[in-house]
Amino acid sequence: MKCQKCEKSATFHITELTGGKPLELHLCEEHARDYLTEAEPEQSSSTGLAGALANQLAAVGQTAEELARLDQQACPICGITFFEFRNQGRLGCPHDYVCFRKELDPLILNIHGEIEHTGKTPKRSVGSTDRQTELIRKRRELKEAISGEDYERASKLRDEIRQIETLKGDGPKGASEAK
Amino acid sequence: MDFETLARTSGEWLRGSGPESDIVISSRIRLARNLADFPFISRATPADRSEIERTLRERVTSFPEVLELNYVDVAKLEPIDRQFLVERQLISRELSDAQGARGVAIDEREQVSLMFNEEDHLRIQVMQSGLALESAWQRINRIDDLVESRVTYAFNDRLGYLTACPTNVGTGMRVSVMMHLPALVITRQIDKLFRSLQKISLAVRGLYGEGSQAMGDFYQISNQITLGRAEADLVKQVGDVVPTIIEYERKAREFLVRDSHETLHDRVSRAYGILRTAQTISSEETMHLLSSVRMGVNLGLIPELQIPTVNELFIYTQPAHLQKLSGVELDSSDRNIERARYLRRHLNKEEGQSGAHRN
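Residues numbered from 1 in each chain as written. Chains lettered and ligands numbered in written order. Predicted model: local features only at pLDDT ≥ 70, side-chain atom pairs only at ≥ 80, totals over all residues. Heavy atoms only, no water.

A. Fine view of the packing of helix H9 (residues 261–277) of chain B against helix H13 (residues 332–347) of chain B. Residue and element names in this part refer to chain B. Between H9 and H13, the shortest axis-to-axis distance is 6 Å and the interhelical angle comes to 110°. Comparing their axes, H13 and H9 come out roughly perpendicular. Each of Tyr 272, Leu 275, Arg 276 and Thr 277 in H9 lies in contact with H13, whose residues at this interface are Leu 343, Arg 344 and Leu 347. For the contact of H9 with H13, a count of residues per class yields 4 nonpolar, 1 polar and 2 charged. (Axes fitted to C-alpha atoms, helices over the stretch in contact; angles between N-to-C directions. Helix = DSSP H or I, 4+ residues; strand = E, 2+ residues; numbered from the N terminus. Parallel < 35°, antiparallel > 145°, perpendicular 65-115°, else oblique. Contact = heavy atoms within 4.5 Å. Nonpolar A, V, L, I, M, F, W, Y, C, P; charged D, E, K, R; others polar.)

In structure tokens:
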């Protein structure tokens, strides 16, 4: 039997069932290959983070001015600006999910189709999140104080950090002893 | 951890056993976790990174009588040793290429690895041979509980586990299955498979290459969504689609055997012939030919070869492994000669003997 599309002999016999009636096809290897790999018309949507984010921001219809203002917003804890996040696609600290919530929620919804966690939760109480973020902020301020040679402030911050760390009670020793 | 000894054993994912192991190479689950009291890696100072590494190393690298781990300080490794761990899939390329304090804790059987200071503070990974997602999930869940009893994770009631990239937030879980799909590639159905998996929000990527240019026809199928579904559902989502893909691959193989047996047998035999006789050969060509040979073994066309032997050849012929085994650093052209020698030696042994384990 010859291929339905050329003079070569048909080595592939395909029965297409997706249409209304079953359709018999007799093709040579080359044409069978073309038939089987025929690209489907729809484009796969870009699920990349940058793409999703760009779409999201465009959808909100922000003016350049609004976008510029948004870009300058910074997290009070880690200091990352929204612009930096947009560029690198990585957040700076856990608190970003709180302080950029308005901007991040549509993005998260776009990526996951959901906005609420329904999976596992840590067994131990998470402890005070404020205290954890406070530690991140004070460590950053300490670093700034040292590089600014403000040693008086640095020593004060160091004491405060130590105090929070011992207060926590969920540190390494507390945890392993509790077990 | 002694890399020279490690180089002579084969990692878990190469064992070539477990359910459906002719097509499913390995099942892997990873969890992304961060400590609550440190910035994410992108905002972490070198001092923060050292502190994170130290904290994790002290608290989560030893679980007496439950899980024995060996710690490797990745920052102190030579590039060739980092590459070696990447080839074995014990660390990611990202961790290998990163700067500053970082490390990995690995169990003896190379099934569990805990990476510190990768994209997130902690990445826990469990890898098993064949299709074994359910047991991988139970194992990693227990390890996560152990770790969590010793550190405080960044967690939010609404969004779950907080990660550096919003694409991982929620469960922080990536479930993936690595499959060998040469017949779907030969019959050019692989792109079609890609598109249908994307529609149900599963990601497909080649093992060493990008997109459909996967080296050795190895593909990894994984979940894209991490938020809004329970971990068990994500395991099921990936697990449910695997039998269908296995069936497609089997059908494509049957089709090749039935309708173009000579072409298929010729392809397998030529691949085997080149691997047994070549005097210099690149890593890419080796992977490509080994893929045909692996399928040929599974179809009974090369009775004297065993799957574990072929699986081992895939990894021992990678650049860092080859250099570890030969005991010297080699440039690319010397590697190609050494690789060909290695292949000849292991494929021309007396028939029926399986064992690339001997150097």
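B. Here's a closer look at the side chain of B:Arg30. Residue and element names in this part refer to chain B. Among the structural elements, Arg 30 can be located in strand S1 (residues 24–33). For Arg 30, which is buried and forms no salt bridge, the nearest opposite charge comes from Asp 120, at a distance of 6.1 Å. Of note is the side chain of Arg 30, whose polar atom sits 3.2 Å from the side chain of Asn 168. Residues within four places of Arg 30 in sequence aside, it is in contact with Arg 123, Ile 124, Gln 125, Ile 140, Asn 168, Gly 172, Met 173 and Arg 174. (Buried < 20%, exposed > 50% of the residue type's maximum accessible area, 1.4 Å probe, protein only. Lys, Arg positive; Asp, Glu negative; His and termini not counted. Salt bridge = Lys/Arg side-chain N within 4 Å of Asp/Glu carboxyl O. Polar contact = N/O pair within 3.5 Å; in protein donor to acceptor, adjacent residues only side chain to side chain.)

C. The sheet that holds strand S5 (residues 112–116) of chain B, seen in detail. All names here are of chain B. Across the sheet, 9 strands lie side by side as S2-S3-S4-S5-S6-S1-S9-S11-S10; this open sheet has antiparallel pairing. Here the strands that pair on one side only, and so sit at the sheet edges, are strand S2 (62–63) and strand S10 (202–206). For S2 and strand S3 (residues 67–73), the ladder comprises 2 bridges, and the chain directions are antiparallel. Residue pairing across strands places Ser 62 opposite Glu 68, the latter belonging to S3. The strands touched by helix H5 (residues 133–148) within the sheet are S1, S2, S3, strand S4 (103–107), S5, strand S6 (122–129) and strand S9 (173–180), with S6 carrying the most contacts at an inclination of about 150°. (Pairing = 2+ DSSP bridges.)

D. Molecular detail of the pairing of S1(B). All names here are of chain B. Most of S1 is tucked away: 10 of the 10 residues are buried. Across 7 bridges, S1 lies against S9 in antiparallel orientation. When the sheet's bridge partners are listed, Ile 29 is paired in S9 with Val 175. Pairing of S1 with S6 involves 8 bridges; the strand directions are antiparallel. From the neighbouring strand, Ser 26 faces S6, where its bridge partner is Ser 129.

E. How the structure looks around the packing of aromatic side chains. Residues and elements named next belong to chain A. Applying the stated criterion across every chain, the model contains 8 aromatic pairs over all chains. On the numbers, 5.7 Å between centres and 55° between planes, the contact of Phe 82 with Phe 85 is tilted. Here the residue Phe 82 and the residue Phe 85 both occupy positions in helix H4 (residues 82–88), the gap between them amounting to 3 residues, near one helical turn. Neither residue differs from the other here; Phe 82 and Phe 85 are each classed as buried. (Phe/Tyr/Trp six-rings, centres within 6.5 Å; stacked < 30°, edge-to-face > 60°.)

F. Focus on the interface of chain A and chain B. Each side of the interface is counted separately: chain A has 56 residues, and chain B has 53 residues. In total, about 4,800 Å² of surface goes out of reach between chain A and chain B, with carbon and sulfur atoms giving 54% of it. Looking at the side of chain A facing chain B, the largest losses of area belong to A:Tyr97, A:His112 and A:Lys120, adding up to 16% of the total buried there. The tally of links from chain A across to chain B stands at 6 salt bridges. Its salt-bridge partner being A:Lys123, residue B:Asp145 comes within 3.1 Å of it at the nearest N-O pair. For the pair chain A and chain B, the interface holds 23 residue pairs in polar contact (both at pLDDT 80 or more). The element contributing the most residues to the side of chain A that touches chain B is helix H6 (residues 101–112) of chain A, with 7 residues. Considered class by class, the residues forming the side of chain A that touches chain B number 23 nonpolar, 15 polar and 18 charged. (Buried area = accessible area lost by both parts, 1.4 Å probe.)

G. View of the nonpolar core. B:Leu85, B:Leu114, B:Val147 and B:Met179 are the most contacted members of the largest nonpolar core, which has 114 residues in total. Per-element accounting of this core gives the leading share, 10 residues, to helix H8 (residues 231–259) of chain B. Among residues more than four places away in sequence, those in contact with B:Leu85 are B:Phe3, B:Val72, B:Leu77, B:Leu90, B:Ile91, B:Val104 and B:Ile106. Listed in part, the 23 residues of the second largest apolar core include A:Leu70, A:Ile80, A:Ile136 and B:Phe40. (Core = buried A, V, L, I, M, F, W, Y, C linked by side-chain atoms within 4.5 Å.)

H. Geometry of the environment of B:Ile221. Residues and elements named next belong to chain B. Relative to the helices and strands, Ile 221 resides in strand S11 (residues 218–223). Each C-alpha atom, one on Ile 221 and one on Val 177, is 5.3 Å from the other, the two residues being 44 residues apart in sequence. If near-sequence neighbours (up to four positions away) are discounted, Ile 221 is found in contact with Val 175, Ser 176, Val 177, Met 179, Leu 197, Leu 202, Ala 203, Val 204, Val 238, Val 241 and Ile 245.

I. The arrangement of the pairing of S9(B) in detail. Residue and element names in this part refer to chain B. Across the 8 residues of S9, 8 count as buried, placing the element largely inside the fold. By the alternation rule, side chains of S9 split into Met 173, Val 175, Val 177 and Met 179 and Arg 174, Ser 176, Met 178 and His 180, which are all buried. Sheet topology places S9 next to S11; 5 bridges connect them, and they run antiparallel. Paired with Met 179 across the two strands is Tyr 219, which belongs to S11.

J. Molecular detail of the pattern of salt bridges. In total, this model carries 35 salt bridges over all chains according to the counting rule given. Between A:Glu160 and A:Lys138 there is a salt bridge, and its shortest N-O distance comes to 2.9 Å. Linking A:Glu160 in helix H8 (residues 151–168) with A:Lys138 in helix H7 (residues 129–147), this pair joins segments that are 22 residues apart in sequence. For B:Arg253, the salt bridge is made with B:Glu249, and the minimal N-O distance between the two is 2.6 Å. Of this pair, B:Arg253 and B:Glu249 both sit in helix H8, separated by 4 residues, roughly a single helical turn. On the basis of relative accessibility, which here comes to 5%, the residue B:Arg253 falls in the buried class.

K. Seen up close, helix H3 (residues 79–87) of chain B. Residue and element names in this part refer to chain B. Of all 9 residues making up H3, 7 are buried, and the element is well covered by its neighbours. For H3, the complete set of buried residues consists of Ile 80, Asp 81, Arg 82, Phe 84, Leu 85, Val 86 and Glu 87. Turning to H3, the residues buried within the fold contact helix H1 (3–6), S3, helix H4 (93–97), S4, helix H11 (307–316) and helix H12 (319–326). Gln 89 sits one or two positions beyond H3 and adopts a positive phi of about 65°.

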